[in-house]
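Coordinate analysis (summary)
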Amino acid sequence: MEKIVSLCKRRGFIFQAAEIYGGLNGCWDYGPMGVELKRNLKEYWWRKTVQERDDVVGMDGSILTHNSVLVASGHVGGFSDPMCDCLLTKERLRADQVPAQSGMGFFYTGAAKKDGSWNMEKEYSVLVETEKQADKARKTAAQYYAQLAGKDVSHKEIELQGERMEPVTDSTMYNPANGSLLTEAREFNLMFKTTIGATSDENDPNATGWLRPETAQSIFCQYKNILDSSRVKLPFGIAQIGKSFRNEINPRNFTFRSREFEQMEIEYFCRPEDGLRLVDEWLEKRLSFYDEVGVPREHIHILDVPDDERAFYSKKTYDLEYEFPFGIQELEGIAYRTDYDLTCHQKGSGRPLEYFDEETREKFIPHVVEPSAGCDRTVLAIICEAYDEEELVDDKGKKDVRTVLRFVPRIAPIKAAIFPLLKKNEEQVRIAREIEKTLQPWMTVFYDEAGAVGRRYRRQDEVGTPFCITVDFETLGENDPSLKDTVTIRHRDSMEQERVAVKDLLHWLIARVR
Ligand code: ATP
């Protein structure tokens with residue numbers, strides 16, 4: 001993972017937000033390469049989900065969200081994670097992510113300062129592996145009490161009181177990093193609240209707004225307008241790509257858990273009897289999608305979420321998980337949410353949200369299947385999947401390592417790099433520039449004339465450019481007249497080269513990068 005994070009920074013994929021000010025935790029900026037990669041992913045998702053389907057339309061909802069929308073959806077009341085704090089370091093943890101640990105617990109009733117100037121009765125405990133680590137446990141406990149005694153007190157000045165030792169099994173009450181006791185878990189709402197308009201009262205409910213925690217709610221709120229304005233009939237979907245915000249307790253694993261991120265969501269509305277079948281159909285569709293953007297099926301784990309872990313309104317949920325270097329983690333959730341969401345908004349708004357089926361003359365609230373994917377998590381999976389270090393041996397038997405991002409061409413930030421073999425050769429430069437101009441309206445290309453051509457290839461390998469086009473002496477017809485007006489195309493993965501006529505280049509490339 002470290003290598004990937006460092007490549008992402010070095011080559012302009014992803015930077016920490018506000019890095020020059022020490023960084024904004026949980027927020028990331030995409031650089032010149034990252035933005036192309038992310039756009040390619042979003043555009044391909046849109047093409048597959050909206051453009052190439054008759055039954056899905058798109059929308060783009062506002063990020064600022066009306067308080068009532070999120071009250072009705074249950075987010076204001078319940079969109080929270082349990083959190084707890086380490087009593088020693090004050091580090092904040094997701095209580096449900098603390099692993100169960102066993103070992104020897106050292107319990108104390110309180111502590112005093114050895115010089116008698118301070119005394120405190122307060123229970124505390126530390127978990128260590130075995131009795132043999134008693135010294136470690138005592139030091140940790142003394143550090144904790146020293147903090148309570150005051151800023152300048154050292155743990156060496158502390159005398160622990162009422163020590164007791166007891167085996168502990170499967171407890172989630174201790175910080176895995178240092179063994180310190182944690183606080184009790186409490187619920188923490190993950191939404192970012194804001195005040196809308198120049199009101200003087202921050203607590204005025206009419207002025208309260210939220211940054212949306214998911215794109216889905218604006219789809220449910222506009223479902224009726226879209227139904228009335230676009231002649232769609234059940235089953236049909238509404239798709240949206242956009243930013244969502246969650247004040248995650250513990251943002252981590254690079255972009256995997258961020259506070260600001262992008263989602264690609266589909267709400268697919270259907271008749272109640274079709275929900276279970278459609279959730280399976282979407283699962284297949286989504287797996288093919290990942291395959292097509294460079295995350296093969298074999299590396300995706302399908303978790304059929306068991307009854308007791310699913311949201312109460314969901315009749316079936318699949319989590320698609322990817323083998324990230326830091327563990328197997330969720331990329332996308334595909335949930336059959338029944339009529340829960342529209343029913344909530346019908347109640348909350350007092351507006352009818354039923355669908356009238358002209359054939360059966362029935363009126364009912366449609367059910368919904370929701371494939372909800374994270375754009376940033378998919379970008380990260382694509383980068384992890386593409387990253388490769390290839391050992392090469394040159395003609396002289398010298399070993400070398402080539403870093404290469406093996407993106408599928410449709411996702412690669414740059415589709416083709418264009419080089420004149422020699423930058424001093426005016427004719428080569430002229431033709432290379434001409435090729436650049438011809439390709440630019442169709443795809444992102446990159447012109448480079450600096451340094452040896454081998455070095456230029458390597459630079460492109462590192463950002464995953466699938467094709468490098470070199471204008472050389474053959475292009476000018478200098479050695480073999482039959483090769484005049486052809487260029488060398490070097491393939492990133494095989495490093496093989498072939499010649500293609502300049503006039504065929506655009507079609508040759510389009511066929512390979514779509
Ligand atoms: P998690 O359990 O990892 O917090 P979730 O189950 O709460 O995720 P959903 O509410 O189902 O996530 O959101 C749908 C998708 O949005 C997720 O599968 C993920 O790809 C993306 N997503 C959710 N939270 C984040 C985040 N903090 N950072 C990046 N992507 C996220």
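In this report, we go over the structure that sits alongside the text. All figures in this text were calculated on a predicted structure; none of them were measured in a lab.

We now examine the packing of aromatic side chains. Each pair of aromatic rings is reported with the distance of its centres and the angle of its planes. Here the structure, examined in full by the defined rule, presents 22 aromatic pairs. Ring centres of Tyr44 and Phe289 lie 5.7 Å apart, and the angle between their planes is 25 degrees; on these two criteria the pair is classed as stacked. Of the two residues, Tyr44 is situated in helix H2 (residues 32–51) and Phe289 in helix H7 (residues 275–292); the sequence distance between them amounts to 245 residues. Taken individually, Tyr44 and Phe289 each receive the classification buried, so the pair is uniform in this respect. Ring plane angle 70 degrees and centroid distance 5.3 Å describe the contact between Phe256 and Phe324, whose orientation is recorded as edge-to-face. Of the two residues, Phe256 is situated in the loop between strand S14 (236–245) and strand S15 (260–270) and Phe324 in strand S17 (residues 316–324); the sequence distance between them amounts to 68 residues. With respect to burial, Phe256 and Phe324 carry one shared label: buried. Taken together through their ring pairs, the aromatic side chains of Phe220, Tyr223, Phe236 and Phe269 make up a single cluster.

So, on to the site of the ligand. Around the ligand lies a shell of 15 residues, among which Glu248, Arg257, Ser258, Glu330 and Leu331 are the nearest. Within the backbone of Ser258, a nitrogen or oxygen atom sits 2.8 Å from a nitrogen atom of the ligand. Here the ligand loses 81% of its free accessible area of 590 Å² to cover by the protein chains. For the shell around the ligand, the secondary-structure elements that each account for two or more residues are S15, strand S18 (327–336) and strand S21 (367–374). For the shell around the ligand, a count of residues per class yields four nonpolar, five polar and six charged.

Let us now look at helix H10 (residues 426–439). With 14 residues, H10 should reach 20 Å at 1.5 Å per residue; the first-to-last C-alpha distance of 20 Å fits that figure. Buried within H10 are the following residues: Gln428, Val429, Ile431, Ala432, Ile435, Glu436 and Leu439. Relative to the axis of H10, the buried residues are bounded by an arc of 165 degrees and lie together on one face. With respect to the buried face of H10, the exposed residues turned more than 90 degrees away are Glu426 and Lys437. Buried residues in H10 make contact with strand S24 (416–420), strand S25 (445–447), strand S26 (467–471), strand S27 (486–491) and helix H12 (505–513).

Take the environment of Pro466 next. Topologically, Pro466 is positioned in the loop between helix H11 (453–463) and S26. Through-space distance from the C-alpha of Pro466 to that of Pro413 is 9.6 Å; in sequence the pair is 53 residues apart. Pro466 has contacts with Pro409, Ala412, Ile414, Lys415, Arg490, His491 and Arg492, leaving out every residue within four places of it along the chain.

With that settled, the discussion passes to unusual backbone geometry. With an omega of -10 degrees, the peptide bond between Leu234 and Pro235 qualifies as cis. Within the secondary structure, Pro235 is located in the loop between helix H6 (216–230) and S14. Located in the positive-phi region is Asn253, a residue other than glycine, with phi close to 60 degrees. Here Asp485, not a glycine, exhibits a phi torsion of approximately 65 degrees, which is positive. Within the fold, Asp485 resides in the loop between S26 and S27.

On to the state of the cysteines. All chains considered together, the criterion is met by zero disulfides. No disulfide involves Cys84; its nearest neighbouring cysteine sulfur is the one of Cys86, lying 9.0 Å away. For Cys84, a relative accessible area of 3% gives the class buried. Here Cys384 is not cross-linked by a disulfide; its sulfur's nearest cysteine counterpart is in Cys8, at 8.2 Å. Classification of Cys384 as buried rests on a relative accessible area of 13%.

Let us look at the pairing of strand S5 (residues 80–85). Within S5, five of the six residues are buried, leaving the element largely enclosed by the surrounding structure. Sheet topology places S5 next to strand S11 (residues 186–189); four bridges connect them, and they run antiparallel. By the bridge assignment for S11, Pro82 is matched with Glu187.

The next subject is the sheet that holds S18. Spatial ordering of the open sheet is given by S3-S14-S15-S21-S18-S17-S16, a layout of seven strands whose pairing is mixed. The open sheet has two free edges, formed respectively by strand S3 (56–58) and strand S16 (300–304), since each of these has just one partner strand. Mean inter-strand twist for the sheet, computed between neighbouring axes without regard to direction, equals 25 degrees. Bridge count between S3 and S14: three bridges; the pairing is parallel. Paired with Gly58 across the bridge in S14 is Ala239. Strands S15, S16, S17, S18 and S21 of the sheet are contacted by H7, whose axis makes an angle of about 140 degrees with S18.

Counting residues in each nonpolar core, the largest one holds 55 residues, and the members touching the most others are Phe13, Leu41, Ile383 and Phe407. A per-element tally of this core places helix H9 (residues 375–386) first, with eight residues. Residue contacts for Ile383: discarding those within four places in its chain leaves Ile4, Cys8, Phe13, Ile14, Leu37, Leu405 and Phe407. Met104, Val126, Ala142 and Leu181 belong to the second largest nonpolar core, which has 30 residues in total.

Another aspect to go through is the side chain of Thr465. Among the structural elements, Thr465 can be located in the loop between H11 and S26. Among the polar contacts made by the side chain of Thr465, one reaches the side chain of Gln460 at a distance of 2.5 Å. Residues contacting Thr465, with those up to four places away along its chain left out, are Ile414, Lys415, Ala416, Ala417, Gln460 and Arg492.

This part is about the pattern of salt bridges. Within this structure, the stated rule accounts for 49 salt bridges. Where Arg94 meets Glu248, a salt bridge forms, and the shortest distance between an N and an O atom there is 4.0 Å. Highlighted residues: Arg94 in strand S6 (residues 92–94) and Glu248 in the loop between S14 and S15, separated in sequence by 154 residues. Neither residue differs from the other here; Arg94 and Glu248 are each classed as buried. Its salt-bridge partner being Arg138, residue Asp135 comes within 3.8 Å of it at the nearest N-O pair. Of this pair, Asp135 and Arg138 both sit in helix H5 (residues 134–149), separated by three residues, roughly a single helical turn. Residue classification places Asp135 among the exposed residues on the basis of a relative accessible area of 59%. The class of Arg138 is partly exposed, set by a relative accessible area of 33%. Here the residues in one salt-bridge network are Asp388, Glu390, Arg402, Arg406, Asp461, Arg490, Arg492 and Asp493, joined through shared partners.

What counts and how
Residues numbered from 1 in each chain as written. Predicted model: local features only at pLDDT ≥ 70, side-chain atom pairs only at ≥ 80, totals over all residues. Heavy atoms only, no water. Phe/Tyr/Trp six-rings, centres within 6.5 Å; stacked < 30°, edge-to-face > 60°. Helix = DSSP H or I, 4+ residues; strand = E, 2+ residues; numbered from the N terminus. Buried < 20%, exposed > 50% of the residue type's maximum accessible area, 1.4 Å probe, protein only. Near = heavy atom within 4 Å. Polar contact = N/O pair within 3.5 Å; in protein donor to acceptor, adjacent residues only side chain to side chain. Areas by Shrake-Rupley, 256 points an atom, 1.4 Å probe, with all protein chains shown as cover. Nonpolar A, V, L, I, M, F, W, Y, C, P; charged D, E, K, R; others polar. Expected span 1.5 Å × (residues − 1). Arc of directions from axis to C-beta. Contact = heavy atoms within 4.5 Å. Disulfide = S-S within 2.5 Å. Pairing = 2+ DSSP bridges. Axes fitted to C-alpha atoms, helices over the stretch in contact; angles between N-to-C directions. Core = buried A, V, L, I, M, F, W, Y, C linked by side-chain atoms within 4.5 Å. Salt bridge = Lys/Arg side-chain N within 4 Å of Asp/Glu carboxyl O.

None of the figures reported here should be taken as evidence of function without further support.
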